[in-house]
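Fold and geometry: a report
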Amino acid sequence: MESADFTLNDGSLPMLRAETRPAVTLNWQEEMQRALRNGRELLDFCDLSPAALDFDPEPDFPCRVPRPWAARIRKGDPRDPLLLQVLPRKCERSVVPGFGTDPTGDLHALAGPGLLHKYRSRCLLVTTAACAVHCRYCFRRHFPYAEQTTPWPDLGACLQAHPDIREVILSGGDPLMLPTARLQRLAKVLEDWPQVQTLRLHTRMPVVLPARVDSELVDFLRQLPQQVVVVLHVNHARELDEETAAALAALRRAGVHLLNQAVLLRGVNDSTDSQRELCEALFTQGVLPYYLHLLDPVAGAAHFAIDTATALAMHAALRAVLPGYLVPRLAQEKPGEAAKRVLAG
Ligand SMILES: *Cc1c(COP(=O)(O)O)cnc(C)c1O
Ligand code: SF4
């Protein structure tokens, strides 16, 4: 693989300020290898003692946090909204009625191994089990990924059987955990299907590991014949910094449309101010808010839940303080419905 430092390859990119640039720039695979991989390491990194929280040293969904994102956690603050998204806690072990292992009905929408065809005009590929970061509230934390890797040929069969599919969504896991060469092979399959006008990627990587947006990826995206949409997943304004700004600017210059989906999480982003700051911060980095999801009722995440009435009130308050184009749709996924349910637009 060539050098992953996109800031060296494109003279038109805004340079990171010297003091924020790491002494040695690692490529994204190297950054992945040195990611924090257990809660103790994470607490240590954040200058916190394990006694400060109901930290779980042996969670069934393991801890994983890339260092560039961990560096945005406020040191010594056990309530930090970034830390709470990733630290395994004992409260995840509570069994709460209504919170199960397949909250979105994914297992009933399988059109083939790794392929979900839930909504008419688009299909979704579970491209990989891997994620750069493990979010404690993840709706797929119990998804049987091992059985759902992606044999590309099934995509062709699905497109043939469903000529109304206009958009292919790469999901996961995180599709940008795949090497760019794998994405290129997938794009090759799509060359035979001009009905597919849009390629969408649902990814957290440009934000949790900005080095993933290297020149190889940017060049690949730039030359695709389809419209390319990247839907990021950012929950809090502090997840964005100068490094994400540079990575997102590189994507935009490659012609990529940038949207964001967030999940409404108790203790993380459940105030009008926090949501307003998030939407404004996204816009300064060229990203439009798309969805604000109510938490999917997944076992282990009940402590993050916000009730619908509170969410609706917050959304109404948000509309009063933001221009319409910065207000995300408040949405909820209901198993078996024809589209995500929008509770407020
Ligand atoms: C969310 C989702 C989509 C995309 O829905 P949009 O409303 O177009 O963002 C497609 N397929 C599946 C299975 C989904 O969960
Ligand atoms: S990045 Fe997405 S799929 Fe991966 S753990 Fe987080 S919420 Fe789940």
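Report follows, based on the coordinates. Please read these numbers as outputs of a predicted model, since none were measured by experiment.

Moving on, we get to the pairing of strand β5 (residues 198–202). In terms of residue burial, β5 counts as a mostly covered element, since 5 of its 5 residues are buried. Residues of β5 alternate between two faces, with T198, R200 and H202 on one and L199 and L201 on the opposite face, all of them buried. Taken together, strand β4 (residues 167–171), helix α6 (residues 180–190) and β5 form a β-α-β motif whose crossover is right-handed. Pairing between β5 and strand β6 (residues 227–233): 5 bridges, direction parallel. By the bridge assignment for β6, L199 is matched with V228.

With that settled, the discussion passes to α6. For α6, every residue scored as buried is listed here: T180, L183, L186, A187 and L190. Projected down its long axis, α6 shows its buried positions confined to an angular sector of 115°, all on one face.

With that settled, the discussion passes to the site of ligand 2. Around ligand 2 sit C131, V133, H134, C135, C138, R204 and H233, and those are all the residues in its vicinity. Spatially, ligand 2 is embedded in the largest pocket. The residue makeup of the shell around ligand 2, split by class, is 4 nonpolar, 2 polar and 1 charged.

Here we come to the side chain of D56. Tracing the sequence through the fold places D56 in the loop between α2 (39–45) and α3 (67–70). A polar side-chain atom of D56 sits 2.7 Å from a polar atom in the side chain of R93. For D56, the contacting residues outside a window of four places in its chain are P88, R89, K90 and R93.

Here the idea is plain: a probe the size of a water molecule rolls over the atoms and shows the empty space left. Roughly 1000 Å³ of internal volume is contained in the largest pocket. If you go around the largest pocket, you meet 48 residues; those closest to its centre are F139, R140, S171, H202 and Q261. Those elements that provide at least two residues to the lining of the largest pocket are β2 (115–119), β3 (122–126), β4, β5, β6, β7 (257–263) and β8 (288–293). Here the lining of the largest pocket is composed, by residue class, of 25 nonpolar, 11 polar and 12 charged.

Near ligand 1 the following residues occur: K118, Y119, R122, L124, I169, R200, Y290, Y291, E333 and K340. In the environment of ligand 1, an oxygen atom lies 2.8 Å from a nitrogen or oxygen atom belonging to the side chain of R200. K340 is positioned such that a nitrogen or oxygen atom in its side chain is 3.2 Å from an oxygen atom of ligand 1. For ligand 1, whose free accessible area comes to 380 Å², the fraction covered by protein is 93%. Cavity membership is defined here by more than half of the atoms lying within 2 Å of grid points; on that basis ligand 1 lies in the largest pocket. Looking at the shell around ligand 1, the elements that each hand over two or more residues are β2, β3 and β8.

Attention shifts here to the environment of Y137. Tracing the sequence through the fold places Y137 in the loop between β3 and α5 (153–161). Spatially, the C-alpha atoms of Y137 and Q85 are 7.3 Å apart, while their sequence positions differ by 52 residues. Here Y137 is in contact with Q85, R204, H233, N235, V263, L265, L295, V298, A301 and F304, once residues within four sequence places are set aside. Reaching out from Y137, the side chain makes a polar contact with the side chain of R204 at a distance of 3.4 Å. Of note is the side chain of Y137, whose polar atom sits 2.8 Å from the side chain of N235.

What follows is about the nonpolar core. Of all hydrophobic cores here, the largest spans 88 residues; its most connected members are L42, L155 and V168. When sequence neighbours within four positions are dropped, the list of residues in contact with L42 reads L36, C63, V65, I73, L83, V86 and L87.

We now examine a nonpolar patch on the surface. Taken together, the side chains of F283, L288 and Y325 define a hydrophobic patch exposed on the protein surface, amounting to about 290 Å² of accessible area. The residue L288 is located in strand β8 in this model.

Our focus in this paragraph is the packing of aromatic side chains. Tallied over the full model, the rule gives 3 aromatic pairs. With centroids separated by 5.6 Å and ring planes inclined at 55°, the aromatic side chains of F283 and Y325 adopt a geometry described as tilted. Here F283, found in helix α10 (residues 272–284), pairs with Y325, found in the loop between α11 (308–321) and β9 (329–332); they are 42 residues apart in sequence, far enough to count as distant. Seen in terms of ring centroids, Y290 and Y291 are 4.1 Å apart; in terms of plane orientation they differ by 35°. Their pairing is tilted. With respect to class, Y290 is no different from Y291; both count as buried. Lying over the aromatic face of F45, K75 brings its terminal NZ or CZ to 4.2 Å of the ring centre.

We now examine the pattern of salt bridges. Tallied over the full model, the rule gives 19 salt bridges. The partner of D54 in a salt bridge is R89, and the shortest N-O contact between them spans 2.8 Å. Separated by 35 residues along the polypeptide, D54 in the loop between α2 and α3 and R89 in the loop between α4 (83–86) and β1 (110–112) bring together distant segments of the chain. The partner of D214 in a salt bridge is R212, and the shortest N-O contact between them spans 3.9 Å.

Criteria and thresholds
- Residues numbered from 1 in each chain as written.
- Chains lettered and ligands numbered in written order.
- Predicted model: local features only at pLDDT ≥ 70, side-chain atom pairs only at ≥ 80, totals over all residues.
- Heavy atoms only, no water.
- Buried < 20%, exposed > 50% of the residue type's maximum accessible area, 1.4 Å probe, protein only.
- Helix = DSSP H or I, 4+ residues; strand = E, 2+ residues; numbered from the N terminus.
- Right-handed = clockwise from strand over helix to strand, strands pointing away.
- Pairing = 2+ DSSP bridges.
- Arc of directions from axis to C-beta.
- Near = heavy atom within 4 Å.
- 1 Å grid on protein atoms, 1.4 Å probe; cavity = no way out; pocket = protein on both sides within 12 Å on 5 of 7 lines; lining within 4 Å.
- Sits in = over half its atoms within 2 Å of the grid points.
- Nonpolar A, V, L, I, M, F, W, Y, C, P; charged D, E, K, R; others polar.
- Polar contact = N/O pair within 3.5 Å; in protein donor to acceptor, adjacent residues only side chain to side chain.
- Contact = heavy atoms within 4.5 Å.
- Points joined across faces, edges and corners; volume = space filled by probe spheres on them.
- Areas by Shrake-Rupley, 256 points an atom, 1.4 Å probe, with all protein chains shown as cover.
- Core = buried A, V, L, I, M, F, W, Y, C linked by side-chain atoms within 4.5 Å.
- Patch = residues over 30% accessible without salt bridge, like charges linked within 9 Å, V, L, I, M, F, W, Y side chains within 5 Å.
- Salt bridge = Lys/Arg side-chain N within 4 Å of Asp/Glu carboxyl O.
- Phe/Tyr/Trp six-rings, centres within 6.5 Å; stacked < 30°, edge-to-face > 60°.
- Lys NZ or Arg CZ within 6 Å of the ring centre and 35° of its normal.

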